[in-house]
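# A closer look at the structure
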Amino acid sequence: MEQITHSPEQTEAFGAEYAKTLVPGDVVAFSGDLGAGKTAFSRGVLHGLGYEGRVTSPTFAIANEYQTPGGAVVHFDLYRILDSEALFEIGFDEYLDGSRIVLIEWSENARDLLPAQYKTVHIAYGTDENDRIITCREVGA
Ligand SMILES: Nc1ncnc2c1ncn2[C@@H]1O[C@H](COP(=O)(O)OP(=O)(O)OP(=O)(O)O)[C@@H](O)[C@H]1O
Ligand SMILES: [Mg+2]
């Protein structure tokens, strides 16, 4: 599934649409450059699941947890988590117990700890400044 968006609002709207496909236990691994729109897409996912509060980047908290009408969600930003020891320290593996929807920005840094089956969302810059090319796939399904 591929979509080109032209604004952060459009990326959020696509994230909200994508949220309809998610159930607890799903792991979504994001990739894409700094500022590509991973947090914007994640915000859309949370709003799509019915969460009405503010959704901010988990850059400093590393993990933000949400209770939504569509189920529990944890939103990671692993930009600064560079090795598996640091992942264990934040209890990363315990969040993958199937009870939540798991959104992972900078999932490259958790490559070795992803489950056998997961979803990927890649966001790339497009031609114009506000263009983004969003590609959604499933791995191991
Ligand atoms: N089509 C678009 N979709 C999403 N964001 C866009 C788009 N066009 C411009 N932007 C801008 O790009 C930025 C995306 O920021 P966002 O925090 O979502 O990226 P990120 O991939 O999470 O970055 P980081 O790697 O730092 O976590 C915002 O400043 C937003 O306004
Ligand atoms: Mg982000």
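In this report, the structure presented in the accompanying data block is examined.

Rules used throughout
- Residues numbered from 1 in each chain as written.
- Chains lettered and ligands numbered in written order.
- Predicted model: local features only at pLDDT ≥ 70, side-chain atom pairs only at ≥ 80, totals over all residues.
- Heavy atoms only, no water.
- Pairing = 2+ DSSP bridges.
- Helix = DSSP H or I, 4+ residues; strand = E, 2+ residues; numbered from the N terminus.
- Axes fitted to C-alpha atoms, helices over the stretch in contact; angles between N-to-C directions.
- Contact = heavy atoms within 4.5 Å.
- Near = heavy atom within 4 Å.
- Polar contact = N/O pair within 3.5 Å; in protein donor to acceptor, adjacent residues only side chain to side chain.
- Areas by Shrake-Rupley, 256 points an atom, 1.4 Å probe, with all protein chains shown as cover.
- Buried < 20%, exposed > 50% of the residue type's maximum accessible area, 1.4 Å probe, protein only.
- Parallel < 35°, antiparallel > 145°, perpendicular 65-115°, else oblique.
- Left-handed = near helix turned anticlockwise from the far one by under 90°.
- Salt bridge = Lys/Arg side-chain N within 4 Å of Asp/Glu carboxyl O.

This paragraph deals with the sheet that holds strand β3 (residues 63-68). Strand order in the open sheet formed by 7 strands is β1-β7-β6-β2-β5-β4-β3, with mixed pairing between adjacent strands. Both edges of this open sheet fall to β1 (2-5) and β3, since each of them pairs with a single strand only. Strand after strand, the sheet turns through a mean of 20° between neighbouring axes, direction not considered. Pairing geometry for strand β2 (residues 27-31) and strand β6 (residues 118-125), over 4 bridges, is parallel. Within the sheet, the bridge partner assigned to Ala-29 lies in β6 and is Thr-120. Contacts from helix α1 (residues 8-19) reach β1, β2, β6 and β7 (132-139) within the one sheet, and its direction differs from that of β7 by about 20°.

Bringing the environment of Asp-93 into the picture now. Among the structural elements, Asp-93 can be located in helix α4 (residues 92-95). Note: C-alpha distance between Asp-93 and Ser-57 (36 residues apart in sequence) is 20 Å.

This part is about the site of ligand 1. Neighbouring residues of ligand 1: 18 residues in total, closest Thr-11, Gly-37, Lys-38, Thr-39 and Asn-130. At 2.9 Å from an oxygen atom of ligand 1 is found a main-chain nitrogen or oxygen belonging to Gly-35. Within the side chain of Glu-105, an N or O atom sits 3.1 Å from an oxygen atom of ligand 1. Coverage of ligand 1 by the protein chains reaches 74% of its 640 Å² of free accessible surface. Secondary-structure elements contributing two or more residues to the shell around ligand 1 are α1 and α2 (38-48).

The element α2 is largely enclosed, with a buried count of 8 among its 11 residues. Where α2 is concerned, the buried positions are Lys-38, Thr-39, Ala-40, Phe-41, Ser-42, Gly-44, Val-45 and Leu-46. Count one or two residues on from α2 and you reach Gly-50, which has phi positive near 100°.

Let us now look at the packing of α1 against α2. Where α1 meets α2, the closest approach of the two axes is 6 Å, and the angle between their N-to-C directions is 45°. In terms of orientation, α1 and α2 fall into the oblique class. Where α1 crosses over α2, the handedness of that crossing is right-handed. Each of Thr-11, Glu-12, Phe-14, Gly-15, Ala-16, Tyr-18 and Ala-19 in α1 lies in contact with α2, whose residues at this interface are Ala-40, Phe-41, Arg-43, Gly-44, Val-45, His-47 and Gly-48.

This next bit is on the pattern of salt bridges. Tallying each qualifying case throughout the model produces 5 salt bridges. Asp-26 is the salt-bridge partner of Lys-119, the closest N and O atoms lying 3.6 Å from each other. Separated by 93 residues along the polypeptide, Lys-119 in strand β6 and Asp-26 in the loop between α1 and β2 bring together distant segments of the chain. Each member of the pair, Lys-119 as well as Asp-26, carries the same accessibility label: buried. Ionic pairing is found between Glu-65 and Arg-100, a salt bridge with its closest N-O pair at 3.7 Å. Within this pair, whereas Glu-65 is found in strand β3, its partner Arg-100 is found in strand β5 (residues 100-105), the two being separated by 35 residues in sequence. Overall, Arg-100 belongs to the buried group, its relative accessible area being 17%. Connected through salt bridges with shared partners, the residues Glu-65, Asp-97 and Arg-100 form a single ionic network.

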